[in-house]
Structures are given as structure tokens and as C-alpha cells.
Amino acid sequence: MKAVILVGGKQYIVAEKEKILVDLITDAKEGGKLEFTPLMLVDGKSSKIGTPEVKDVKVSAKVVEPLVKGDKVTAIRYEAKKRVNKTRGHRQQYSRIEITSIK
């Protein structure tokens, strides 16, 4: 069974016992419980599409790691003959969650 959930404005296709990286959940603690209402549910041959969510179905998850840092991205701005040389860096923060059940 698979479900489509909405976390932080992004949609994820999830299955039970799957670990995924989502945008940082600020108030999450390690081992904390989360619940989502799915937008779509796929079970073998049949599927249910919610308007906007599927009623009477919950996706339960637990927080495995509350803060995971992504790879560093470096942006360089350079203009020739003008002495402009600027470097900026960014490192995205994520939370790792594990889907425990789809009921």
C-alpha cells in the first residue's frame, strides 16, 4: 500500500517502513510521532483520490533524525574587469522520518 502525503508544501509517495528526507520540521524531536492525512491512496489495483484529502485514513510516522544537513552548494558571482568576486554558500536542512503505518 502506498500513499501520497503533503509535508512542507511538497508531495511525497510513501510506503510502510520507508525512510524519507523532508524539509526541516522545527518542533520535531527524535522519536517523536507525526500524523498525516494522505492526498491519495494506492492499494494494488485500486486507488482512492481525496478531495482534497482521503477521509478516515491516517499515515503515521516517527522522527528518526530531527536535523540532517544536506550537501553544501556554492554560488560564485564574478564580473571580469570590475573587481567583483563574491562567493556565497548554502546548506539545506532536512528531517529524516520513517513511515510506521498507513491505516
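The text that follows walks through the structure, step by step, so that each part is easy to find. (Residues numbered from 1 in each chain as written. Predicted model: local features only at pLDDT ≥ 70, side-chain atom pairs only at ≥ 80, totals over all residues. Heavy atoms only, no water.)

**Details of the side chain of S101**
Thought 1: Tracing the backbone through its elements, the reader meets S101 in strand β8 (residues 84–102).
Thought 2: The class for S101 is buried, based on a relative accessible area of 14%.
Thought 3: Residues in contact with S101, not counting those within four places in the same chain, are E16, K58, V59 and S60. (Helix = DSSP H or I, 4+ residues; strand = E, 2+ residues; numbered from the N terminus. Buried < 20%, exposed > 50% of the residue type's maximum accessible area, 1.4 Å probe, protein only. Contact = heavy atoms within 4.5 Å.)

**Things to note about the nonpolar core**
Thought 1: I5, I97 and I99 are the most contacted members of the largest nonpolar core, which totals 19 residues.
Thought 2: Secondary-structure elements contributing two or more residues to this core are β1 (2–7), β2 (10–15), β3 (19–23), β7 (59–79) and β8.
Thought 3: Residues contacting I99, with those up to four places away along its chain left out, are I5, V14, A15, E16, K17, E18, V59, S60 and A61. (Core = buried A, V, L, I, M, F, W, Y, C linked by side-chain atoms within 4.5 Å.)

**Details of the pattern of salt bridges**
Thought 1: Under the counting rule described, the total for this entry stands at three salt bridges.
Thought 2: With its nearest N and O atoms 2.9 Å apart, the salt bridge here joins E65 to R96. With E65 in strand β7 and R96 in strand β8, this residue pair connects regions lying 31 residues apart in the sequence.
Thought 3: Put simply, R77 and E79 hold a salt bridge, and the shortest N to O gap is 2.7 Å.
Thought 4: The exposure class of R77 is partly exposed, given its relative accessible area of 43%. (Salt bridge = Lys/Arg side-chain N within 4 Å of Asp/Glu carboxyl O.)

**Details of the environment of I25**
Thought 1: Inspection of the secondary structure assignment puts I25 in the loop between β3 and β4 (33–36).
Thought 2: With 18 residues separating them along the chain, I25 and V7 place their C-alpha atoms 9.1 Å apart.
Thought 3: When near neighbours in sequence (up to four residues on either side) are disregarded, I25 contacts L34, S95 and I97.

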